[in-house]
Amino acid sequence: MKNGIIILLAAALGLSACNRFEKGEGDMTYKIYKSDGKPKIQDGDYVKLNGIQTVETNTNPDSVMVNTYDNERPAFFAISKSMFKGDLASGLKLLGEGDSAVFKLNLDSMEKYSGQPKPKGLKSNIASFTIKIEKVLHKGKDPDSIFDAKKRLFFEAEYKALNEKNKVVEPAKIAKYIADNQLKVTTAPSGLQYVIAAPGNAERAVLTDTVLIDYTGQFTNKKSNGSINVFDTSDAKTAKEAGVFSESVQYVPRKLPLGQLPQGVVQGIQLIGVGGKIKMILPSRLGFGENGGGPINPFTPLVFDVELKGIIKPGMEQVLSK
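Parameters at a glance
- Residues numbered from 1 in each chain as written.
- Predicted model: local features only at pLDDT ≥ 70, side-chain atom pairs only at ≥ 80, totals over all residues.
- Heavy atoms only, no water.
- Core = buried A, V, L, I, M, F, W, Y, C linked by side-chain atoms within 4.5 Å.
- Buried < 20%, exposed > 50% of the residue type's maximum accessible area, 1.4 Å probe, protein only.
- Helix = DSSP H or I, 4+ residues; strand = E, 2+ residues; numbered from the N terminus.
- Contact = heavy atoms within 4.5 Å.
- Polar contact = N/O pair within 3.5 Å; in protein donor to acceptor, adjacent residues only side chain to side chain.
- Domains from an automatic or database assignment.
- Buried area = accessible area lost by both parts, 1.4 Å probe.
- Salt bridge = Lys/Arg side-chain N within 4 Å of Asp/Glu carboxyl O.
- Pairing = 2+ DSSP bridges.
- 1 Å grid on protein atoms, 1.4 Å probe; cavity = no way out; pocket = protein on both sides within 12 Å on 5 of 7 lines; lining within 4 Å.
- Points joined across faces, edges and corners; volume = space filled by probe spheres on them.
- Nonpolar A, V, L, I, M, F, W, Y, C, P; charged D, E, K, R; others polar.
- pLDDT = per-residue confidence, 0-100.

Peer 1: Would you take a moment to explain the nonpolar core for this structure?
Peer 2: Side chains of nonpolar character tend, in soluble globular proteins, to be buried together. Formed by 25 residues in total, the largest nonpolar core has its most connected members in Val 211, Ile 269, Met 280 and Val 306. Those elements that provide at least two residues to this core are β10 (210-219), α7 (263-269), β13 (277-282) and β14 (302-312). By residue number, the principal contributor to this core is β14, which donates five residues. Leaving out residues up to four positions away in the same chain, Met 280 has contacts with Leu 192, Gln 193, Tyr 194, Gly 264, Val 265, Gly 268, Ile 269, Leu 302, Val 303, Phe 304 and Val 306. Judged by nonpolar contacts, the second largest core, of 21 residues, contains Ile 41, Leu 49, Ile 79 and Ile 131.

Below, the structure written as structure tokens:
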């Protein structure tokens with residue numbers, strides 16, 4: 001997978017440098033990086049792809065909006081009729097299985113026809129999509145009912161294969177994260193690995209308590225740009241540095257019922273008192289397990305950095321310690 005990232009990024013950089021893009025439909029321009037000569041994608045087909053979407057902002061010439069490699073989760077697309085000339089669907093129809101390309105699309109048109117608002121602070125009205133088509137399920141002349149069944153089986157098979165791979169490589173991901181960060185961890189009987197940076201006071205939270213915490217949750221793999229791969233945080237600075245900042249989020253310590261947190265996080269928090277800080281490396285069985293949830297894939301190990309700011313006992317509204 002890393003080789004795929006390198007090839008795609010090298011292609012994008014090289015294409016940007018020489019700027020040899022062809023004119024497509026509407027405002028779209030494109031450059032096909034690789035073509036295996038297989039049948040082109042048609043309306044109604046179902047595709048599995050990896051891709052990177054970037055925009056140019058006033059502070060970053062290549063601000064990443066989406067990167068399926070960072071998420072380790074390919075996208076599955078049902079190809080429908082184009083919403084407008086020069087949309088992504090029209091670009092994908094220039095490709096077949098195994099092909100890769102870069103498309104530059106007009107953000108004004110995307111906003112007008114899809115209803116998705118443009119990112120703030122844009123320097124240009126162009127979004128770049130670097131796409132690799134992994135697999136194509138062609139509809140052909142199949143009736144919708146038959147093809148729907150084929151799509152379901154196709155997705156289930158691909159998803160199962162992804163999960164099996166995640167399960168196999170999970171221990172290696174944890175070991176690599178610990179080695180890369182030169183951590184001296186303690187391993188609990190449950191399999192939780194942790195480093196206590198500050199023990200805090202003598203008080204310990206119990207399952208019926210609500211905890212006030214500052215935290216950052218990240219994946220063990222870094223993003224392709226080398227930054228930590230954050231999926232959730234209560235810290236605005238961390239969110240901005242990781243490229244996940246949202247104006248709609250309040251970046252403050254969070255009040256969370258301890259008993260409703262992932263099992264590994266519960267165990268880690270109970271190892272420190274108020275004022276304590278801990279880094280936890282959770283195997284998936286102590287996190288989101290074999291089913292995953294939200295942006296978290298099945299069999300995904302997670303890393304949490306937590307500072308315990310306070311413990312709130314049942315029935316109490318005041319934080320005992322800040």
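Peer 1: Even after reading the chapter, I still don't get the side chain of Ser 90, so can you show me in this structure?
Peer 2: If you trace the backbone, Ser 90 turns up in helix α3 (residues 88-92). Owing to a relative accessible area of 7%, Ser 90 belongs among the buried residues under this scheme. Within the structure, Ser 90 has its side chain in polar contact with the backbone oxygen of Asp 87 (distance 2.6 Å). The residues contacting Ser 90, other than those within four sequence positions of it, are Glu 25, Met 28 and Ser 82.

Peer 1: Help me understand the domain arrangement of the protein chain in this model?
Peer 2: Much of the literature gives interface size as the accessible area that the parts lose upon coming together. If you check the domain split of the protein chain, you get domain 1 (22-141) and domain 2 (171-312). Computed over C-alpha atoms, the centres of domain 1 and domain 2 are 34 Å apart. Taken residue by residue, the interface counts six residues in domain 1 and eleven residues in domain 2. For the domain 1 and domain 2 pair, buried surface summed over both sides reaches about 680 Å², with 22% attributable to carbon and sulfur atoms. Remark: the boundary between domain 1 and domain 2 carries one salt bridge.

Peer 1: What is the right way to read the pairing of strand β7 (residues 122-137) from this model?
Peer 2: Bridge count between strand β3 (residues 46-57) and β7: eleven bridges; the pairing is antiparallel. Directly across from Leu 49, in β7, lies its bridge partner Ile 133. As judged from the seven bridges shared by strand β6 (residues 100-106) and β7, these two strands associate in the antiparallel manner. Across the sheet, the residue bridging to Lys 104 is Ser 128, located in β7.

Peer 1: Looking at this structure, I do not really get empty space enclosed by the protein. What am I missing?
Peer 2: Over the atoms, a rolled probe matching the size of one water molecule traces out where space is still vacant. Evaluation of the coordinates by the stated rule reveals one cavity of 30 Å³ or more. The space that makes up the largest cavity amounts to roughly 50 Å³. Along its surface, the largest cavity is lined by Asp 70, Asn 71, Glu 72, Lys 173, Phe 219, Asn 221, Pro 295, Asn 297 and Thr 300. Looking at the lining of the largest cavity residue by residue, the classes come out as two nonpolar, four polar and three charged. Here the lining of the largest cavity spans two domains, and each of domain 1 (22-141) and domain 2 (171-312) adds at least three residues to it.

Peer 1: What should I look at first to understand the confidence of the model for the protein chain in this one?
Peer 2: Close inspection of predicted coordinates is inappropriate for parts of the model with low pLDDT. Counting all residues, the mean pLDDT for the protein chain is 91, and 92% of those residues have values of 70 or more. Long-range and interchain partners of residues 1-7, a stretch whose pLDDT sits below 50, account for six contacts in this model, where long-range means more than four residues apart. Predicted confidence for residues 10-17 stays below pLDDT 50, and this span has seven contacts to residues more than four positions away or in other chains.

Peer 1: Looking at this structure, I do not really get unusual backbone geometry. What am I missing?
Peer 2: Excluding glycine, a negative phi dihedral is what most residues carry, and trans is how most peptide bonds are arranged. Phi angles above zero are rare outside glycine, and Glu 72 is one such case at about 50°. Secondary-structure assignment places Glu 72 in the loop between α2 (68-71) and β5 (75-78). Phi angles above zero are rare outside glycine, and Phe 299 is one such case at about 55°. As for its placement among the helices and strands, Phe 299 is situated in the loop between β13 and β14.

Peer 1: Would you mind showing me how to read the side chain of Thr 233 here?
Peer 2: Positionally, Thr 233 belongs in strand β11 (residues 230-233). Residue Thr 233 is classed as buried on the basis of its relative accessible area of 3%. A polar atom in the side chain of Thr 233 sits 3.1 Å from the backbone oxygen of Tyr 215. In this view, Thr 233 contacts Tyr 215, Thr 216, Thr 238, Ala 239, Tyr 251 and Arg 254; residues no more than four positions away in its chain are not counted.

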